[in-house]
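# What the coordinates show
Chain by chain, the residues:
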Amino acid sequence: MIEVTEKEFYRMLDQLEEDPEWDEEEAEAQRFDPELNEWHEINMKDARIQNRRINQLCFSHCVFENVVFDDFFIYDLYIRDCTFINCYFKNLQIDQAFVEEDILMDIRDSNFLNCRFEDITIEAFQMQSDMGGTKFYQTKFEKIYFGIDIALAACSLKECELERAEIIVNEIFDNLFEKMIIKDSKIQAQFSDNIIKNTEMIESVLDIVHFSKY
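Residues numbered from 1 in each chain as written. Predicted model: local features only at pLDDT ≥ 70, side-chain atom pairs only at ≥ 80, totals over all residues. Heavy atoms only, no water.

### Details of the state of the cysteines
- Throughout the structure, instances matching the rule amount to zero disulfides.
- Note on Cys-82: no disulfide assigned, nearest cysteine sulfur contributed by Cys-62 at a separation of 4.5 Å. (Disulfide = S-S within 2.5 Å.)

### Concerning the layout of surface pockets
- Looking at the largest pocket, its volume works out to about 710 Å³.
- Met-131, Phe-136, Phe-141, Phe-146 and Ile-167 are, among the 38 residues lining the largest pocket, the residues nearest its centre.
- At the level of secondary structure, the elements contributing two or more residues to the lining of the largest pocket comprise β4 (42-60), β5 (63-80), β7 (88-95), β8 (104-108), β10 (116-132), β12 (140-153), β14 (161-173) and β17 (186-192).
- Each residue belonging to the lining of the largest pocket can be placed in one class, and the counts come to 36 nonpolar, one polar and one charged. (1 Å grid on protein atoms, 1.4 Å probe; cavity = no way out; pocket = protein on both sides within 12 Å on 5 of 7 lines; lining within 4 Å. Points joined across faces, edges and corners; volume = space filled by probe spheres on them. Helix = DSSP H or I, 4+ residues; strand = E, 2+ residues; numbered from the N terminus. Nonpolar A, V, L, I, M, F, W, Y, C, P; charged D, E, K, R; others polar.)

### Topic: the side chain of Glu-142
- Mapped onto the elements of the fold, Glu-142 is located in strand β12.
- Using a relative accessible area of 8% as the deciding quantity, one classes Glu-142 as buried.
- Engagement of the side chain of Glu-142 in a polar contact is seen with the side chain of Arg-164, the distance being 2.4 Å.
- Ignoring any residue separated from it by four or fewer positions in sequence, one finds Glu-142 in contact with Arg-116, Phe-117, Glu-118, Asp-119, Glu-163 and Arg-164. (Buried < 20%, exposed > 50% of the residue type's maximum accessible area, 1.4 Å probe, protein only. Polar contact = N/O pair within 3.5 Å; in protein donor to acceptor, adjacent residues only side chain to side chain. Contact = heavy atoms within 4.5 Å.)

### Observations concerning the pairing of β14
- The pairing of β12 with β14 spans eleven bridges and is parallel. Along β14, the bridge assignment pairs Phe-146 with Ile-167.
- Note that β14 and strand β16 (residues 181-183) share three bridges and pair parallel. Across the sheet, the residue bridging to Leu-162 is Ile-182, located in β16.
- The pairing of β14 with β17 spans six bridges and is parallel. Paired with Glu-171 across the strands is Gln-190, a residue of β17. (Pairing = 2+ DSSP bridges.)

### A few points about the pairing of β5
- Two strands pair when backbone bridges link them, and β4 and β5 are joined in this way by 15 bridges, in the parallel orientation. Bridging from a neighbouring strand, Gln-50 pairs with Asp-70 of β5.
- As defined by bridge partners, β5 adjoins strand β6 (residues 83-85) across three bridges and the pair is classed as parallel. Looking at β6, one finds that Val-63 is bridged to Thr-83.

### Side note on the pattern of salt bridges
- Enumeration over the complete set of coordinates arrives at twelve salt bridges.
- As a salt-bridge pair, Glu-118 and Arg-116 come within 3.1 Å of each other at their nearest N and O atoms.
- For Glu-118, a relative accessible area of 11% corresponds to the buried category.
- Residue class for Arg-116 comes out partly exposed when judged on its relative accessible area of 33%.
- Among the salt bridges present, the one from Asp-119 reaches Lys-143, with a minimum N-O distance of 3.6 Å. Linking Asp-119 in strand β10 with Lys-143 in strand β12, this pair joins segments that are 24 residues apart in sequence.
- Lys-143 sits in the partly exposed class, given a relative accessible area of 32%.
- One network of salt bridges, in which partners are shared, links Arg-116, Glu-118, Lys-140, Glu-142, Glu-163 and Arg-164. (Salt bridge = Lys/Arg side-chain N within 4 Å of Asp/Glu carboxyl O.)

Given below as C-alpha cells:
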C-alpha cells in the first residue's frame, strides 16, 4: 500500500478525466489499473477532495482516514474491500439525468467507521446496484435520498444514526441493525431476514413492499 497526498490524488483525478491513456509504468506507480479504471492499495489521510464531476470512481483495498469528499457528481461508483475512518461525505450526487448511460453503484466488503454522510442524492432505477457485506459503525446519515434499484444485503449498521432520510430501494435483507436511531425518515423496500436490536424509530415510517422490475 502506498501513501497518497491530497495534491497527488487531485493530479490523479485530473489525469483520469483529461487523458484516459495512462503510461504503464506511471499507472503501476500510482496503483492504478487502466483496464478496470480502478485504484488499489492506496492510503490517504487528512485531505479534502471537492468540486469534482467524475464518470467513474473505483477503489479496492484502500484506506482513507480523516478525508472530506465534498460536492461530487459521480456516474459510476465502485468500492471494494476499503476502509474509511472519520471521513465526511457531503453533497454527493449520483443522478441518471446527467448521463445517457445506466448508473451502477457497487459497494462491497468495506468498512465505514465514525463517518458522516450529509446531503446525499442517488437516483437510478435502470440498472441493478448492490451494497453488500459492508459494516458501518458510529456513522451518521443526514438528509439522504435513495431512489435506486439496489439491494442492501449482509451489511451491519451499529450505533449509527439516520435522520431526515427517504430511502426507496428494492431489497433490504439479511442485515444487522443494532443500537440505531432512525429519525424523521421513510424507508420503503422489500424487507426480510434482518436482525434489529435496540433500535429506536422516531417519527419514521418503514413501508414494506414488493417491487416489480416489469
